[in-house]
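# Examining the three-dimensional arrangement
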Amino acid sequence: MNADLLTQAAVSGALIGGLYALMSLGLSLSWGALENINLAHFMFILFGAYVTYQLTSSAGIDPLLAALIVVPLGFAAGGLLQIFFEWAKVDEFKSLIISFGLFIILQSLARTIWSADFRSLDQSINPYVGSSFTVGSVSLQIPLVIAFVAAALIAFGTQAVMGRTFFGKAVRAVVHDPDTAQAFGVDHRRVGVLLAAIASAYSALAGVLIATFQSLSPTMAVGWFGIVFPVVILGGLGNAVGNFLAGIIIGVAAGVAAVIWGPLSASLVTFSIMVLALLFRPEGLFTRKAAI
Amino acid sequence: MLEIRDLTTGYGRAQVLWDVTASVADGEIVTLLGPNGAGKTTLVNALSGILRPWSGQVLLNDIDLTATRPHLISQSGIAVVPEGRRIFPDMTVTDNLLIGAYNKRARPHHEGNVERIYEIFPRLSERKRQLAGSMSGGEQQMLAIGRALMAEPSLLLLDEPSLGLAPIIVENIFEVLKQLNQEGLSILLVEQNAVEALNLAGRGYVLEEGRIVGEGSSGELLADERLRKAYLGL
Ligand SMILES: Nc1ncnc2c1ncn2[C@@H]1O[C@H](COP(=O)(O)OP(=O)(O)OP(=O)(O)O)[C@@H](O)[C@H]1O
Ligand SMILES: [Mg+2]
């Protein structure tokens, strides 16, 4: 085994791990803080990517600038869905079933709109795809570097908001005991809707970043399960920085495994990590818990 | 200050409170006694917005709380120390206090108020950054009281604050309540510990099976034969 190849795989894996983290953060927040296992996040990512593709290919907008439209759409969609979840008094299990239905419906909607063919933004309209630079013998893809930086900023920014602001403290209080939080003035519905909207905006942004360098197809969302669930579990539900570090771990593990054992081994490895995490650290690698 | 008129409420279809009428005047400590399952916690929850009243009125300084959205009740001046404390175990002591100051009226003063709570309960100030769930029961009760005070209430509701605590801690907590009351805070205190509660309070009510069955000054209640048998173990 060539050492350069392994180094390249590890570095690329770490970079794409940033994107994995961003793809997972919405679900992690939704699951950890709202107790919704909201599979619609996969569709927020998918539609984020397709709408970016559409804006760039038909209106000629730079794909990253498309985020200015796509991210607010994700924000609104996630907020509306949460209003429905609140109204329907959806619990964790029902959220899984209902959002699985949404996943199927929206996936076929994407197929109806954009067909099952691969869609991608070629270099004439997309300055990011295929661009890279090298450090030593390692090549870094620019769209992955952008995604990594965005993911890092969002992870640490989210952590700071959760830890330091009244909104963040209210979220944590609501997670534990919504009634008591309410007795102290927290409108738990409003907090939930705002948090869900932010989470969905993150997923939509992940979609934008995917569109800058990957070919899109409606079924690609199914493939994301093997990445997103391991990252969410390993990072600890609702833990933004933990989720970011878990993204990197999963990215490196999948990248290195693909080089050593071939591409098919990647999801075997990531799922194995998830199962080990569930068995030995169900609260995730990075979450601090009370002793009781 | 607080006027409860013909309040009824319950859970689902099960009615628990029947036409409860009671009041707390400005600067008063009033205690609410009653056997297990009488509905004391239900009444406290209905006052603090955890449970919606079915009918009747709750007036706080002439504002009708039954028409107030639950999360706005703390803003109008009621704060609760719930049964079982219900602190947020995975959050630090300071963050628990800050949740107490969440309402719009109290929030601008949160910095000064945190310092004040740490003066009232020095044991909490030694544990500012500790997770609340890792503290002793007594410390958690102090935290629950501190959190409620952060809301800058004019009326403090306490639901069995002495439950499960060592006598010395209970004494300390009752001392704090007395002090706060002398500074003008009105208090409604639910207690199993009837003698202690009546010694602290000026007046009391007795709740049985969701109905007020007795009321009077502490002296009258302490002298009541039936009460002495039922609650005071005398
Ligand atoms: N969440 C609930 N759902 C349904 N019924 C409840 C609920 N909480 C209390 N009850 C019922 O309401 C009645 C009054 O209960 P409550 O807790 O108010 O009594 P309490 O006077 O506070 O008793 P204790 O001294 O044991 O704390 C009881 O019959 C109880 O079973
Ligand atoms: Mg009770």
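Residues numbered from 1 in each chain as written. Chains lettered and ligands numbered in written order. Predicted model: local features only at pLDDT ≥ 70, side-chain atom pairs only at ≥ 80, totals over all residues. Heavy atoms only, no water.

Let us now look at the pattern of salt bridges. Residue and element names in this part refer to chain B. Per the stated rule, a full pass over the model turns up 12 salt bridges over all chains. Between Arg-5 and Glu-3 there is a salt bridge, with the nearest N and O atoms lying 3.8 Å from each other. Judged by its relative accessible area of 36%, Arg-5 falls in the partly exposed class. Between Glu-28 and Arg-203 there is a salt bridge; the shortest N-O distance is 2.6 Å. Here the residue Glu-28 occupies a position in the loop between strand S2 (14-24) and strand S3 (29-33), and Arg-203 occupies one in strand S9 (residues 203-208), the gap between them amounting to 175 residues. If you follow the salt bridges from partner to partner, you end up with Arg-123, Glu-126, Arg-127 and Glu-139 in one network. (Salt bridge = Lys/Arg side-chain N within 4 Å of Asp/Glu carboxyl O. Buried < 20%, exposed > 50% of the residue type's maximum accessible area, 1.4 Å probe, protein only. Helix = DSSP H or I, 4+ residues; strand = E, 2+ residues; numbered from the N terminus.)

A few words on the confidence of the model for chain B. When pLDDT drops low, the exact placement of atoms in the prediction is not to be read closely. Summing up the model confidence of chain B, the mean pLDDT is 93 and the portion of residues at 70 or higher is 99%. For this predicted complex, the interface score ipTM comes out at 0.92, alongside a pTM of 0.89. (pLDDT = per-residue confidence, 0-100.)

Another aspect to go through is the packing of helix H5 (residues 142-164) of chain A against helix H6 (residues 166-176) of chain A. All names here are of chain A. Here H5 crosses H6 at 80°, and the two axes come no closer than 5 Å. Taken as axis vectors, H5 and H6 run roughly perpendicular relative to one another. Only Phe-166, Phe-167, Gly-168, Lys-169, Val-171 and Arg-172 of H6 make contact with H5, whose side of the interface consists of Val-161, Met-162, Gly-163 and Arg-164. Looking at the contact of H5 with H6, its residues break down into 5 nonpolar, 2 polar and 3 charged. (Axes fitted to C-alpha atoms, helices over the stretch in contact; angles between N-to-C directions. Parallel < 35°, antiparallel > 145°, perpendicular 65-115°, else oblique. Contact = heavy atoms within 4.5 Å. Nonpolar A, V, L, I, M, F, W, Y, C, P; charged D, E, K, R; others polar.)

Here the focus is the pairing of strand S10 (residues 211-217) of chain B. In this structure, S9 of chain B lies alongside S10 of chain B, joined through 6 bridges in antiparallel fashion. Following the sheet pairing, Glu-208 of chain B is matched in S10 of chain B by Arg-211 of chain B. (Pairing = 2+ DSSP bridges.)

Quick look at the domain arrangement of chain B now. Residues and elements named next belong to chain B. As assigned here, chain B comprises domain 1 (2-77 + 154-230) and domain 2 (89-152). The C-alpha centroid of domain 2 is placed 23 Å from the C-alpha centroid of domain 1. Roughly 1,100 Å² of surface becomes buried between domain 1 and domain 2 when both sides are summed, with 70% attributable to carbon and sulfur atoms. At the junction of domain 1 with domain 2, the criterion picks out 0 salt bridges. For the pair domain 1 and domain 2, the interface holds 3 residue pairs in polar contact (both at pLDDT 80 or more). When residues of the side of domain 1 that touches domain 2 are traced back to their parent elements, those giving at least two are strand S7 (155-159) and helix H6 (167-182). (Domains from an automatic or database assignment. Buried area = accessible area lost by both parts, 1.4 Å probe. Polar contact = N/O pair within 3.5 Å; in protein donor to acceptor, adjacent residues only side chain to side chain.)

When the terminal C-alpha atoms of helix H8 (residues 188-211) of chain A are compared, their 35 Å separation across 24 residues agrees well with the 34 Å that a helix rising 1.5 Å per residue should span. Summarising burial for H8 of chain A: 20 of the 24 residues are buried, a large majority. (Expected span 1.5 Å × (residues − 1).)

Note on the magnesium ion (ligand 2): its protein donors are Thr-41 of chain B (OG1) and Glu-83 of chain B (OE). The metal-donor distances range over 1.9 to 2.3 Å. Placement of Thr-41 of chain B in helix H1 (residues 40-48) and of Glu-83 of chain B in the loop between strand S6 (78-81) and helix H2 (93-100) is noted, with a sequence separation of 42 residues between them. (Donors = N, O, S within 2.8 Å, 3.2 Å for Na, K, Ca; no water.)

Residues and elements named next belong to chain B. Here 4 strands make up an open sheet; going across it, the order is S2-S1-S4-S5 and the pairing antiparallel. The open sheet has two edge strands with one neighbour each: S2 and strand S5 (63-64). Pairing analysis gives 5 bridges linking strand S1 (residues 2-11) to strand S4 (residues 55-60), with the strands arranged antiparallel. Residue pairing for S4: Arg-5 is matched across the bridge by Gln-57.

This part is about a nonpolar patch on the surface. The grouping of Leu-65, Leu-68, Ile-69 and Leu-73 of chain A at the surface amounts to a nonpolar patch, some 410 Å² of accessible area in total. Of note, Ile-69 of chain A is situated in helix H3 (residues 67-87). (Patch = residues over 30% accessible without salt bridge, like charges linked within 9 Å, V, L, I, M, F, W, Y side chains within 5 Å. Areas by Shrake-Rupley, 256 points an atom, 1.4 Å probe, with all protein chains shown as cover.)

Residue and element names in this part refer to chain B. With respect to spatial proximity, 13 residues lie near ligand 1, and among them Gly-37, Lys-40, Thr-41, Thr-42 and Glu-83 are the closest. Contact between ligand 1 and Tyr-11: a nitrogen atom at 3.4 Å from a side-chain N or O atom of the residue. One of the side-chain nitrogen or oxygen atoms of Thr-41 is found 2.7 Å away from an oxygen atom of ligand 1. Within the complex, 57% of the 640 Å² of free accessible area of ligand 1 lies under protein. (Near = heavy atom within 4 Å.)

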